[in-house]
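Residue-level structural notes
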Amino acid sequence: MTTKRKVQILPPENFENLKLSKAKKKAVGVPAIVSTMRHISKEMGVWKGIKLLNKMNQKDGFDCPGCAWPDPDGKRSGLGEYCENGAKAIAEEATSKRVTPDFFKKHSVEEMSTWTDYKIGKSGRITHPMYLPEGASHYEQISWDDAFQKIAAKLKSLNNPDEAVFYTSGRTSNEAAFAYQLLVRQFGTNNLPDCSNMCHESSGAGLSQTVGIGKGSVTLDDLYESELIVVMGQNPGTNHPRMLTALEKCKKNGGKIVSVNPIPEAGNNVFVDPQNPLAIIKGGTQLTDHYLQVKINGDVALLKAIMILMLEAEEKAPGTVFDLDFIAEFTNGYDELIADVRKTDFNEMVAQSGIAESQIREVAKLFIAKQKIIICWAMGLTQHENGVNNIKEVVNILLLKGSIGKPGAGTCPVRGHSNVQGDRTMGIWEKPKDDFLDNLDKHFGIQSPRKHGVDAVESIQACLDKKVKFFMFMGGNFISATPDSQLTGEAIQNCEMTVQISTKLNRSHLVTGNEAIILPCLARSDRDDQASGLQFVSVENSMGVVHKSQGRLDPPSNDLMSEPAIVAKIGAATFGDSPVNWSEMEENYDVIRNHIEATISGFENYNKRVRIPQGFYLPNGARDRKFTTPDGKANFSVIEAPNRKVKEGNLIMMTIRTHDQYNTTIYGMDDRYRGIEGERRVVLMNKQDIKSQGFKELDVVHLVSEFNGEERKANYFKIVAYDIAKGCVATYFPEANVLVPLKSVAKGSNTPVSKFVEIRLEKAN
Ligand code: SF4
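Residues numbered from 1 in each chain as written. Predicted model: local features only at pLDDT ≥ 70, side-chain atom pairs only at ≥ 80, totals over all residues. Heavy atoms only, no water.

**Side note on helix α23 (residues 456-464)**
For clarity, the threshold we go by: With a 1.4 Å probe rolled over the protein chains alone, any residue whose accessible area is under 20% of its type maximum counts as buried; one over 50% counts as exposed, and the rest are partly exposed. Counting from the N terminus, the helices are the DSSP runs of H or I reaching at least four residues and the strands are the DSSP runs of E reaching at least two. Residue contacts follow a heavy-atom distance rule, with two residues in contact if any of their heavy atoms lie within 4.5 Å. What qualifies as a polar contact is a pair of N or O atoms within 3.5 Å, subject to a donor-acceptor requirement within protein and to the restriction that residues adjacent in sequence count only when both atoms come from side chains.
Buried within α23 are the following residues: A456, V457, S459, I460, A462 and C463. Residues of α23 that are buried in the fold lie against β7 (164-168), β16 (470-474), α24 (478-481) and α25 (485-492). Between the side-chain oxygen of the N-cap and the backbone nitrogen of V457 there are 3.1 Å, and the N-cap of α23 in question is D455. Looking one or two residues past α23, K466 carries a phi angle of roughly 55°, positive in sign.

Here it is in structure tokens:
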């Protein structure tokens, strides 16, 4: 029986140096320039940084490894096509700090696990393959060949392929993702969980069932010409900052903007374009016309209340509010929806939403008057038990207006990871469609498994049940990104071998299986030379544009490999002489793209079209009103408002990011827009709740979540009084992920419910 290493799974509970100031009303502007310069000068030097940033998101450059916000099809900004957080993302990759074999000799995994995630991440780029033997505390250097042999030997030793799981983070390029899923299917399993399982899986499920495609229907140009944009459960100022430019263009074209969020975020309020001196002098552009401070998960109630008012107006003047021609020609279920709206109690919906009736009536007027409407959303809608229904309700209100599949209108789930949408398109899914597997088998002469695999939450449960012996992670930081952190950590420690393909150090390198291997890979901004010459990869953004990305920087070490090369090597080592020619895929990524063209629809002439400077759009049935549903029609859905009750005295917690954070990567200790600096163990709480609960600001508390009679505890948080909807609190992840129960998931998508966690506060002694 192997003894588990005594590593700390949770981030340390000690406080740093909290400084509070007034929350900002404006986003970007000069402070973003200052912050950008500070980050690049600290990590790589200003000159090198500016030279590199000038290539980011440019047509002959490389794609930002941050979020998946699209680049303009036409002219890109000569001053820079990136935001502050994109610059932070690239500063992390291009940092001059190095994690060398000596670093690992000095620091045991036990010691490093007591560091904050910020400190772990700031250690730098990993320079050589490393191996952590069973029972050992220090990683030791290993050769690539020995690493591949160890992995191949472990895979071949398994009783069945489902004892292995292969995770993907959304930074993985199309070429690496396609090769990775091929490796996994040739090996014989569909255990391909990915980060989408934890973020937009509810969007994929809700959209596929209603409009036939799990992706958004709008393009960037649609946002510019929209009459009404509603931003729900999203904080673009921090998570998709260049979206603010598009919102400003919409405003300048006469459009209206409504933001729906339990917190009034600076990025939804005023945008100060840092590339426009006049805007800086004038103080920027007011973006939001109506801010609705919805209660956490009050979104369906809000949309139902608006639909009731729309129906009232429609019945007074038929055909002036609803697009009856569109409804008749392109939809199913209208009558059932209207019957449900008719019997829904307006006042009850207003109460459940937590928003003043007068505000709802103002916004309803916009829905009644406008024809070209876009609804944008992120985790605030998807990470709920009813996450899939939240998306279906969004589609309902757009279908009533015929606001899909025409210019200026449609659905806009904004992806948080640069290629998370592309990975799914490449086949990274535990529930693959048979026609895709048929294409793979026919093209490669393999026999793909048909039994569906495990998603992220199921993979953790499978590890807990000791059904998983081998777990590979293509990028990411699984331990910090997943719910129920303590349980997840213990689950991963049940594995015999874990393998991380990574650029930088993170907590998942410290909480591992009995044996662990780190395979250090090239980053998006690194140049990638293979036998056939300099390579480029491709990615797909939130609007379904596939485009090329070519790194420029000399890699931080000569002992790194690209993700496609690593996968090809593991394939060759595991399968030896097989129908799949792995080495040719390593030598020239055009070969991988030819395979993609042969097996995935929409990639005709891939190698030719991906070389078009702005890339190409993938087919999108919803965008063209060719709904790829069973009967070719879009579906209305009858959705119930959730109205989940919490125990007297308990609060609803949502986990959020700071402005110095990208997913689990902590760039810095500040949350500038919210006026919270130097500390991450804080709980943002409504002043009235602080008072009614008998606390004071800055009191130190423990947070206890309650779920199905189970309790989970996160110790030592400071109360920060904040403008958040009453009865709701916000905390940062990964610190609060320990409170999110593994079994608390969205129906129909299994997405962890990180936005609705029932908690109580206990005074810390
Ligand atoms: S908006 Fe997103 S993709 Fe664009 S530069 Fe910022 S982080 Fe990168």
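Now, onward.
**Quick look at the environment of Q186**
Assignment of secondary structure puts Q186 in helix α8 (residues 174-187). Sequence separation of Q186 and V46 is 140 residues, and the distance between their C-alpha atoms is 46 Å. Excluding its chain neighbours within four sequence positions, the residues that come into contact with Q186 are I446, F575, S578, P579, V580 and W582. A distance of 3.0 Å separates the side chain of Q186 from the side chain of S578, its partner in a polar contact.

**Focus: helix α26 (residues 563-575)**
Formally: Under the convention used throughout, the expected extent of a helix is 1.5 Å for every residue step, that is, one less than its residue count.
If you check α26, its first and last C-alpha atoms are 18 Å apart, about what 13 residues at 1.5 Å a residue would give, namely 18 Å. When we look at burial in α26, the residues that qualify are E563, P564, A565, I566, V567, A568, I570, G571, A573, T574 and F575. The N-cap of α26, judged by a side-chain oxygen 3.1 Å from the amide nitrogen of A565 a few residues on, is S562. A positive backbone phi angle near 55° is found at G576, which sits one or two residues after α26.

**Some points on unusual backbone geometry**
Leaving glycine aside, a negative phi is the common case for residues, and trans is the common case for peptide bonds. Each neighbour pair has its own omega, and for F733 with P734 the value is 10°, a cis peptide bond. Secondary-structure assignment places P734 in the loop between β33 (728-732) and β34 (757-763). Although it is not a glycine, N605 adopts a positive phi angle of roughly 50°. Here N605 is to be found in the loop between α28 (589-599) and α29 (606-609). Despite not being glycine, N643 shows a phi value in the positive range, around 45°. Structurally, N643 is set in the loop between β24 (634-635) and β25 (651-656). N643 gets classed as partly exposed once you look at its relative accessible area, which sits at 31%.

**Details of the pairing of strand β30 (residues 682-685)**
Heads up, the condition is: Think of it this way: DSSP has to see at least two bridges between two strands before they count as a pair.
In β30, alternate side chains face the same way, and those of V682 and L684 on one face and V683 and M685 on the other are all buried. With four bridges connecting them, β30 and strand β32 (residues 710-721) associate as parallel partners. Bridge pairing in β32 links V682 to K718. For β30 and β33, the ladder comprises two bridges, and the chain directions are antiparallel. Residue pairing across strands places M685 opposite V729, the latter belonging to β33.

**Some details on the packing of aromatic side chains**
For any pair of aromatic rings, the description consists of the separation of the ring centres together with the inter-plane angle of the planes. We count it as follows: Between rings of Phe, Tyr and Trp, where Trp is taken as its six-membered ring, a pair exists when centres lie within 6.5 Å; planes separated by under 30 degrees are stacked, by over 60 edge-to-face, and by other angles tilted. When the NZ atom of lysine or the CZ atom of arginine is within 6 Å of a ring's centre and also within 35 degrees of its normal, the charge is said to sit over that ring.
In this structure the tally under the stated criterion is 21 aromatic pairs. Seen in terms of ring centroids, F473 and F478 are 5.3 Å apart; in terms of plane orientation they differ by 45°. Their pairing is tilted. The class for F473 is buried, based on a relative accessible area of 2%. Take F478: its relative accessible area is 1%, and that puts it in the buried class. Both rings, one in F603 and one in F616, keep their centres 6.1 Å apart while their planes meet at 85°; by these two values the pair is edge-to-face. In this pair, F603 sits in the loop between α28 and α29 while F616 sits in strand β23 (residues 616-617), placing the two residues 13 residues apart along the sequence. Among the aromatic residues, those joined into a cluster by ring pairs are F103, F104, W115 and Y139. Across from the ring centre of W115, 4.3 Å away, lies the NZ or CZ of K119, which sits over that ring. Cation over ring: K249 sits above Y224, and NZ or CZ is 4.4 Å from the ring centre.

**Things to note about the domain arrangement of the protein chain**
Threshold: Each domain's extent was defined by an automatic or database domain assignment. Throughout, the accessible surface (probe 1.4 Å) given up by two parts as they are put together, summed over both, is called the buried area. Within this document, salt bridges are pairs made up of a side-chain nitrogen of Lys or Arg and a carboxyl oxygen of Asp or Glu, the two lying within 4 Å of each other.
Here the protein chain is described as being made up of domain 1 (127-198 + 419-617), domain 2 (201-413) and domain 3 (651-763). Here domain 2 and domain 3 have C-alpha centroids that lie 26 Å from each other. Listed as interface residues are 25 residues of domain 2 and, on the opposing side, 29 residues of domain 3. Contact between domain 2 and domain 3 buries roughly 2000 Å² in total, counting both sides, with carbon and sulfur atoms accounting for 60%. On the domain 2 side of the interface with domain 3, the three residues burying the most area are I296, Q383 and E385, jointly 30% of the side's total. Scanning the region where domain 2 abuts domain 3 turns up two salt bridges. Notably, a salt bridge pairs E385 with K747, separated by 3.1 Å at the nearest N-O pair. Seen at the junction of domain 2 and domain 3, the total is nine residue pairs in polar contact (both at pLDDT 80 or more). Listing elements by their share of the side of domain 2 that touches domain 3, those giving two or more residues are α9 (201-211), α11 (236-239), α19 (379-382) and α20 (387-400).

**A look at the pattern of salt bridges**
All chains considered together, the criterion is met by 58 salt bridges. The partner of K469 in a salt bridge is E163, and the shortest N-O contact between them spans 3.4 Å. Residue K469 is found in the loop between α23 and β16, and its partner E163 is found in the loop between α7 (144-157) and β7; the two are separated by 306 residues along the sequence. A salt bridge links E706 to R760; the nearest nitrogen and oxygen atoms lie 2.7 Å apart. Of this pair, E706 sits in strand β31 (residues 700-707) while R760 sits in strand β34; the two residues are 54 residues apart in sequence, bridging distant segments of the chain. Each member of the salt-bridge network shares a partner with another, and the members are K647, E706, E711, K713, R760 and E762.

**Brief notes about the sheet that holds β34**
The following threshold applies: Every axis in this analysis is a line fitted to C-alpha atoms, fitted for helices over the stretch in contact. Angles between the N-to-C directions lie between 0 and 180 degrees.
The sheet built from six strands closes into a barrel, its strands ordered β25-β33-β30-β32-β31-β34 with mixed pairing. For this sheet, the mean angle separating the axes of adjacent strands, direction not counted, is 45°. Bridge analysis of β31 against β32 gives seven bridges, and the strand direction is antiparallel. The partner of V700 across the bridge, within β32, is K718.

**Quick notes on a nonpolar patch on the surface**
Quick reminder of the rule: For patches, a residue must show more than 30% relative accessible area and have no salt bridge; joins then use 9 Å for like charges and 5 Å for nonpolar side chains, namely Val, Leu, Ile, Met, Phe, Trp and Tyr. The method behind every accessible area is Shrake-Rupley, applied with a 1.4 Å probe, and residues are considered shielded solely by the protein chains displayed.
The grouping of V30, I33, V34 and I280 at the surface amounts to a nonpolar patch, some 280 Å² of accessible area in total. No other element matches helix α1 (residues 29-43), which puts three residues into the nonpolar patch. Here I280 lies in helix α13 (residues 277-282).

**Observations regarding the sheet that holds β16**
Taken together, six strands build an open sheet; the order of strands is β6-β5-β18-β17-β16-β7 and the sheet is mixed. Because the sheet does not close on itself, it has two edges, and the strands there are β6 (140-141) and β7. Note: strand β5 (residues 130-132) against β6, two bridges, orientation antiparallel. When the sheet's bridge partners are listed, Y131 is paired in β6 with E140. Across the sheet, α7 lies against β5, β7, β16, β17 (497-502) and β18 (515-520), angled at about 130° from β18, the strand it touches most.

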